[in-house]
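For reference, the chains in residue letters:
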Amino acid sequence: MTFRIFLFLLVAIPAFAEPYAAELSPVQRDRLVALAKPQTVTAAFTERRHTPLKKVPVVVTGTVRIDRVRGLSLSYDQKNAPVVILDDRGLLLRHADGREQTAPPEAETDLRLLHALFAFDLATLEKSYALAASEAPDGIWTLAFTRRPDSAASYRELALAGDATRLTAITLAKTPNLKTEIIIGPPRLDVPFTAAELARYFR
Amino acid sequence: MSKSNRYVLAALVVFVALCGAWMLSLDAGKHFTTDVAELIPAGERDPEALLALSLVRERQGRVVLIALDAPAGTAPAALAAAARAHADTLRASPAFTSAHSLADQSWQHALGRLLHARRFDLLLPGWLAKQRATYAAEKPAVPFPEWLAARSVADLDAHLASPSSAATADLIPSDPLLLLVSLADQAAPLAPSPPASHDRALIWAETKDGPLSEAGQQPVFDALASAETAARVHVPGLSSRFTGVARFAAAAKASTQIEIARLNIVAVVCVLLLTILFLRRIHALLHLLPVVFISSLGAVAVTTLIFPRVHVLVFVLGSLLSGVAVDYAFQLVLARRENESYPTRLRRLALPLLGGAGTTLAGFLALVASELPLVRQLGVYVAAGLVSGMGTTLLYFALFPNLDFAPRRLVFRSALPHRLRLPLLGVLAAFAVFGLTRLHWHDDLRTLEYPSPSLRAEDADLRTAFGQTDTGSTLITRGATYAEARSHWQQLADTAPAGTPVTSIAALLPTPEAYADAIAPETRAQLAAFLTAFRASADAAGFEADAFAPFQRDFAAYLNAPAPDYETLLGNTLADLPGPLALLVHADGDGVWFLSSTPRAFTPPASAQGTLSLSGLEGLNHLFTRYRSSTARLSLVGILALVAMSCALHGPRLGLRTAALPLLATALAFAILTLRGEAFSLFHLLGALLGVCVADDYAHFAHADDPAHPQARAAIRLSALTTAASFAVLMTSAIPAVSALGATVSLIVIFALVFVETDLFSLHGRHA
């Protein structure tokens, strides 16, 4: 009987376990829960695109909007740049002239994982990425997700970085010299979007 | 049997043997057709008609759209495997040439590879032409190659700052001029991705044979059934639906066959019932079968001898032949008198028989001059059937000179008093004129089709699932060569209003002018200088030295290679188009056409040479208006021949009265149908011609009427009622054209019978 109970626990405990149970401390986990809590987030961002083509990264700026129900939206300050919408239906580019482009089906895996990253959906990320969490004495923290060998994701590394309870940077890297760093400014939390903003920046 | 009867019998047997042998030698699949499109002449001079036909007959008609519906909760991987198995099974089948799951983007990748490999041949000329135009407008001080290099690098920088650049990172090293990137907007609508669905997979397939052929139908349906079985291995609860021209064609064929059988059976039953009312010796009616059989055999044999392909509608419309053939037999046998020899009877009836048959023959022979194959075939069919029917009647009943159908004695005198005839005629004529003034025509090719609303609904549902809509326009642009067709398409694209982009494979091809400029030696020299300047500009803008090594290698090779001839380049490129894209262009000995679409309705202006707006078969209705007008002219010729023949046979007064009977009957039938709100078409007109000829027979037969020998009147009565009943049965047809024909003929025949019975035209007994 004892052996059976032991066997049950052996099988059942991992199933009930939190994602990245070993990698994340309760403090870090609580921080992520807190980050995921606001229903809306609006923040300015600076994007640094590193490409093997250029000696210096291409830098663009814009505003990120997150709605926990509708997903994430990036609007760039660059003239005529499309609005990028990432939600549970995938990626959509909405151009200034009203045209809409969706990502090809083969991008679905990556988009699902990026959506999970922005939604702090650790359970989804855990299937494809290993996690290394680090914490500096000055309150700077980093969560580095490294692609597992059997994963179909094309991003080799994803990273979230923050300062105490604030998310300050996201990194999406396919190779060391093909990566995007998004530096996020101070956010405005739980300020409801207007109907016009919802129509323009989400679907 | 007398010697003369042996000759008669031999003549009949030889005729049947010859016709039978010819019929047995025919390949039914090759000689008979149910294809509505074949009702339009192959040599049709209307370019839209020709193009619409070629669309159906060429690869567009061979496309089959398939939806696999999985039960709710099916795993996406299982549905994807089912779709793959389905498509693989179709591809392995000899009935299909290709099949693609829409979730499988391999053919779109194939297009990408094709365009990438030929990007300098296909895309550089258009890009260069735009840059030249900007250079000319800006009038910069720097030479063109240096200006072009700086501008290219600036455009590339702007692109890299755009979020779209995330998707093109792999492409930029070989395409820093953004030839393919800037093409994406134009190419995307060519390969629309239907909305993703978790419980439905879509498959696009193309059959090997045309949808109107036997090989393009049942083998296709069998392959689809096998593919569904293969898909069910992965998703047991899966169901499939499909649509395509083949399905409509097969359904129309099956329905038409059932319709023909049903109409014929009901008509025969009606004829038998009526005959029982008038004749006591029903078994003697078996003698009519050889007459009907031989006249029909002769009609089919002669028609197939003259026309290589005959539409089955000819047999539906020509079904009156059995009625007419029987009419002559009734007239001949029922007019029998005691102690009168067969030759004497023939002499007595010669004029009515010749008059009736001759005028009908003249009327239908006039149709042979029609440009519409259906009308021509109908003319030959009925004319040949009449001649063989009349010949058979005269010969066959010579073998049975004493045959007696034993008509019942129905004493029914209904002749109008003479004083009432003229006023009544005046009233009827006035009513007919009133009705005819309100007549309106509506020509619709769809009236020839067997309606299949459930198939149409399923077709619409599937096309919507595939992202096809009816809100825009489909345009076709033609040219004798690729160069001419591409130039015509450019005219079209230039005239399209803003917000109505014209999507076509032609947009991916250079114009002849731009191509000629791009391959000119001086341009090649400029481009060589540009390549050097581009390296310098890129370096100055902070690009890595080897960032564009693949581009520099390929571009240098392009500049050093001989440029292909424009027609060769386009021919080779378009021949390699993968998947559904191959259907958007067609080239053969007659020229080239591109298919385009617009998201909103758009009628190309006259200045867009060589482009027509296609609106499906419905768009060909104007052709039917033309055919109807030409048939109306031929019908008038036929009626004039009928009047002339009547006058020649009976003299002007009696001849005109004889001819007036069918004409008034027809006018009254038209008036009644008009006042009932019926819109008239070609098939009412054909029905009128048939009705005039049949009614004219009765007018001629009425001359032989003799109160002392009421059998002749019984013959007319029986003929008219059986004919009216046969055509009234056609009114129940689901094919609107057949129904219209039935209504017209039956009404005309009933009016003709009433006129004969009342002797309104004072025709009775003149030659009795």
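Q: Before we go on, may I ask you to explain the overall build of chain B in this structure?
A: For chain B, the count of helices and strands is 28 helices and eleven strands. Intrachain contacts of chain B at a sequence separation of at least 6 include 83% that bridge at least 24 residues.

Q: Even after reading the chapter, I still don't get the overall build of chain A, so can you show me in this structure?
A: Scanning chain A for helices and strands turns up five helices and twelve strands. The buried share among the 203 residues of chain A stands at 41%. Considering only contacts within chain A whose residues lie at least 6 apart along the sequence, 46% involve residues at least 24 apart. Counting every atom, chain A has about 11200 Å² of accessible surface; 60% of that belongs to carbon and sulfur.

Q: Whenever I open this one, the sheet that holds strand β2 (residues 63-69) of chain B confuses me. Can you help?
A: Strand pairs in the sheet, formed through backbone hydrogen bonds, run parallel or antiparallel to each other. Residues and elements named next belong to chain B. Taken together, the four strands give an open sheet; going across it, the order is β3-β4-β2-β5, and neighbouring strands pair in antiparallel fashion. Unpaired on one side and paired on the other, β3 (96-101) and β5 (239-243) mark the two borders of the sheet. Across the sheet, the axes of successive neighbouring strands diverge by a mean angle of 20 degrees, strand direction being ignored. Two strands pair when backbone bridges link them, and β2 and strand β4 (residues 200-207) are joined in this way by seven bridges, in the antiparallel orientation. By the bridge assignment, Leu 68 is partnered in β4 with Ala 201.

Q: Can you help me understand the interface of chain B and chain A in this one?
A: Of the residues lining the interface, 21 residues belong to chain B; the matching set on chain A comes to 19 residues. Of the roughly 1600 Å² buried between chain B and chain A on both sides combined, carbon and sulfur atoms contribute 55%. Looking at the side of chain B facing chain A, the largest losses of area belong to Ala 161, Pro 163 and Glu 544 of chain B, adding up to 31% of the total buried there. Here chain B is connected to chain A by two salt bridges. Lys 54 of chain A serves as the salt-bridge partner of Asp 157 of chain B, at 2.6 Å between the closest nitrogen and oxygen. For the pair chain B and chain A, the number of links is nine residue pairs in polar contact (both at pLDDT 80 or more). A total of three residues in the side of chain B that touches chain A trace back to one element, the largest contributor, which is helix α8 (residues 144-160) of chain B. Classifying every residue of the side of chain B that touches chain A by side-chain character gives eleven nonpolar, six polar and four charged.

Q: Just to check I follow, could you spell out the packing of aromatic side chains for this structure?
A: Aromatic rings in a pair are described by how distant their centres are and how their planes are angled relative to each other. Using the criterion set out here, one finds 28 aromatic pairs over all chains in the structure. Both rings, one in Tyr 328 of chain B and one in Phe 701 of chain B, keep their centres 6.2 Å apart while their planes meet at 85 degrees; by these two values the pair is edge-to-face. Linking Tyr 328 of chain B in helix α14 (residues 320-334) with Phe 701 of chain B in helix α26 (residues 682-702), this pair joins segments that are 373 residues apart in sequence. As far as burial versus exposure is concerned, Tyr 328 of chain B and Phe 701 of chain B are alike and both buried. Ring pairing ties together the aromatic residues Phe 120, Trp 127, Phe 530, Phe 534, Phe 543, Phe 548, Phe 551, Phe 555 and Tyr 558 of chain B, which thus form one cluster. Of note, Lys 54 of chain A hangs over the ring of Phe 543 of chain B, and the distance from its end group to the ring centre comes to 4.5 Å. When the ring centre of Tyr 201 of chain A is taken as origin, the NZ or CZ atom of Arg 65 of chain A, which lies over that ring, is 3.7 Å away.

Q: I would appreciate a short explanation of the confidence of the model for chain B in the present structure.
A: If pLDDT is low for a region, its predicted coordinates should not be looked at in detail. Residues of chain B with pLDDT of at least 70 account for 88%, and the chain-wide mean is 84. Under the prediction, the complex receives an ipTM of 0.82, its pTM being 0.62.

Q: For this particular structure, what's the right way to read a positive patch on the surface?
A: On the surface, Arg 280, Arg 281, Arg 408 and Arg 409 of chain B cluster together into a patch of positive charge. Among the secondary structure elements, Arg 409 of chain B is positioned in the loop between α16 (373-396) and α17 (418-437).

Q: Would you explain the pattern of salt bridges in this entry?
A: When the charged atoms of two side chains lie near each other, side chains of opposite charge can form a pair. Residue and element names in this part refer to chain A. As enumerated under the stated definition, the model contains 29 salt bridges over all chains in all. Arg 49 is the salt-bridge partner of Glu 47, the closest N and O atoms lying 2.6 Å from each other. The pair formed by Glu 47 and Arg 49 is uniform in burial state, with each residue classed as buried. Across the pair Asp 67 and Arg 70 runs a salt bridge whose closest N-O atoms are separated by 3.7 Å. Owing to a relative accessible area of 9%, Asp 67 belongs among the buried residues under this scheme. The partly exposed category is assigned to Arg 70, whose relative accessible area is 33%.

Q: Explain the side chain of His 650 of chain B here, please?
A: With respect to the secondary-structure elements, His 650 of chain B resides in helix α24 (residues 621-650). A distance of 3.0 Å separates a polar atom in the side chain of His 650 of chain B from a polar atom in the side chain of His 700 of chain B.

Q: Explain helix α5 (residues 106-117) of chain B here, please?
A: Residues that lie three or four places apart on an α-helix share one face, since the helix turns once every 3.6 residues. All names here are of chain B. Between its terminal C-alpha atoms α5 stretches 16 Å, which fits the 16 Å expected from twelve residues at 1.5 Å a residue. Listed as buried for α5 are Trp 107, Gln 108, Leu 111, Leu 114 and Leu 115. Projected down its long axis, α5 shows its buried positions confined to an angular sector of 115 degrees, all on one face. Residues of α5 that are exposed and point more than 90 degrees away from the buried face comprise Arg 113 and Ala 117. Buried positions along α5 lie against β3, α6 (119-122) and α23 (566-575).

Q: Whenever I open this one, the pairing of β2 of chain B confuses me. Can you help?
A: β2 of chain B sits mainly inside the fold: seven of its seven residues count as buried. With burial as the criterion, each face of β2 of chain B is covered, one bearing Val 63, Leu 65, Ala 67 and Asp 69 of chain B and the other bearing Val 64, Ile 66 and Leu 68 of chain B.

Q: Teacher, can you tell me more about helix α12 (residues 288-306) of chain B here?
A: Across its 19 residues, α12 of chain B extends 27 Å between first and last C-alpha, which sits within 8% of the 27 Å expected from 1.5 Å per residue. Those residues of α12 of chain B lying buried are Leu 288, Val 291, Ile 294, Ser 295, Leu 297, Gly 298, Ala 299, Val 300, Ala 301, Thr 303 and Thr 304 of chain B.

Q: Please explain a nonpolar patch on the surface as it appears in this structure.
A: A contiguous nonpolar surface patch, about 360 Å² in accessible area, is contributed by Ile 265, Val 269, Leu 273 and Ile 276 of chain B. The exposure class assigned to Ile 276 of chain B is partly exposed, which follows from its relative accessible area of 39%.

Q: Can you help me understand the packing of α8 of chain B against helix α21 (residues 521-540) of chain B in this one?
A: The geometry of a pair of packed helices is captured by two quantities: the angle between their axes and the separation between those axes. Residue and element names in this part refer to chain B. Close contact between α8 and α21 brings their axes to 8 Å; oriented N to C, the two are set at 45 degrees. Our classification of the angle between α8 and α21 gives oblique. The hand of the α8/α21 crossing is right-handed. In this structure, α8 uses Phe 144, Pro 145, Glu 146, Leu 148, Ala 149, Ala 150, Ser 152 and Val 153 to contact α21, whose residues at the interface are Gln 526, Ala 529, Phe 530, Ala 533, Phe 534, Ser 537 and Ala 538. Looking at the contact of α8 with α21, its residues break down into eleven nonpolar, three polar and one charged.

Q: Explanation requested: the nonpolar core in the structure shown.
A: As a rule of thumb, nonpolar side chains are buried together in soluble globular proteins. Judged by nonpolar contacts, the single largest core of 112 residues is most densely connected at Leu 125 and Phe 145 of chain A together with Phe 548, Phe 555 and Phe 594 of chain B. Looking at this core, the element that brings in the most residues is α8 of chain B, giving seven residues. Beyond its immediate stretch of four places on either side in the chain, Leu 125 of chain A contacts Tyr 20, Leu 113, Ala 116, Leu 117, Phe 145 and Leu 158 of chain A. Formed by 100 residues, the second largest nonpolar core is a distinct cluster that contains Val 300, Leu 378, Ala 688 and Ala 702 of chain B.

Q: How should I be thinking about the packing of helix α7 (residues 124-138) of chain B against α8 of chain B in this particular structure?
A: Residue and element names in this part refer to chain B. Relative orientation of the contacting elements α7 and α8 amounts to 110 degrees, with a least axis distance of 11 Å. By the angle class used here, α7 and α8 are roughly perpendicular. Touching Trp 127, Leu 128, Gln 131, Arg 132, Thr 134, Tyr 135 and Glu 138 of α7 are Phe 144, Trp 147, Leu 148, Arg 151 and Ser 152, all from α8. Here the residues of the contact of α7 with α8 sort into six nonpolar, three polar and three charged.

Q: Help me understand the environment of Arg 68 of chain A in this model?
A: Residue and element names in this part refer to chain A. Following the sequence through the fold, Arg 68 ends up in the loop between β2 (58-67) and β3 (71-76). Setting aside residues no more than four positions away along its own chain, Arg 68 makes contact with Leu 35, Ala 36, Pro 38, Gln 39, Val 41, Phe 118, Ala 119 and Phe 120. Among the polar contacts made by the side chain of Arg 68, one reaches the main-chain carbonyl oxygen of Leu 35 at a distance of 2.9 Å. Here the side chain of Arg 68 touches Ala 36 through a polar contact of 3.0 Å, landing on its backbone oxygen.

Q: How do you make sense of the pairing of strand β10 (residues 166-175) of chain A when you look at a structure like this?
A: Every other side chain in a regular strand lies on the same face of the sheet, so the side chains alternate between the two faces. Residues and elements named next belong to chain A. In this sheet, β10 lies alongside strand β9 (residues 157-163) in antiparallel orientation, the contact comprising seven bridges. Looking at β10, one finds that Leu 160 is bridged to Ile 170. Linking two consecutive strands that pair antiparallel, namely β9 and β10, is a turn of two residues; a positive phi of about 55 degrees is found at Ala 164 within it. Here β10 runs beside strand β11 (residues 178-184); their pairing, made up of six bridges, is antiparallel. When the bridges of β11 are listed, Ala 173 appears paired with Lys 179.

Conventions used here
Residues numbered from 1 in each chain as written. Chains lettered and ligands numbered in written order. Predicted model: local features only at pLDDT ≥ 70, side-chain atom pairs only at ≥ 80, totals over all residues. Heavy atoms only, no water. Helix = DSSP H or I, 4+ residues; strand = E, 2+ residues; numbered from the N terminus. Contact = heavy atoms within 4.5 Å. Buried < 20%, exposed > 50% of the residue type's maximum accessible area, 1.4 Å probe, protein only. Areas by Shrake-Rupley, 256 points an atom, 1.4 Å probe, with all protein chains shown as cover. Pairing = 2+ DSSP bridges. Axes fitted to C-alpha atoms, helices over the stretch in contact; angles between N-to-C directions. Buried area = accessible area lost by both parts, 1.4 Å probe. Salt bridge = Lys/Arg side-chain N within 4 Å of Asp/Glu carboxyl O. Polar contact = N/O pair within 3.5 Å; in protein donor to acceptor, adjacent residues only side chain to side chain. Nonpolar A, V, L, I, M, F, W, Y, C, P; charged D, E, K, R; others polar. Phe/Tyr/Trp six-rings, centres within 6.5 Å; stacked < 30°, edge-to-face > 60°. Lys NZ or Arg CZ within 6 Å of the ring centre and 35° of its normal. pLDDT = per-residue confidence, 0-100. Patch = residues over 30% accessible without salt bridge, like charges linked within 9 Å, V, L, I, M, F, W, Y side chains within 5 Å. Lys, Arg positive; Asp, Glu negative; His and termini not counted. Charge placed at Lys NZ, Arg CZ, Asp CG, Glu CD. Expected span 1.5 Å × (residues − 1). Arc of directions from axis to C-beta. Parallel < 35°, antiparallel > 145°, perpendicular 65-115°, else oblique. Left-handed = near helix turned anticlockwise from the far one by under 90°. Core = buried A, V, L, I, M, F, W, Y, C linked by side-chain atoms within 4.5 Å.

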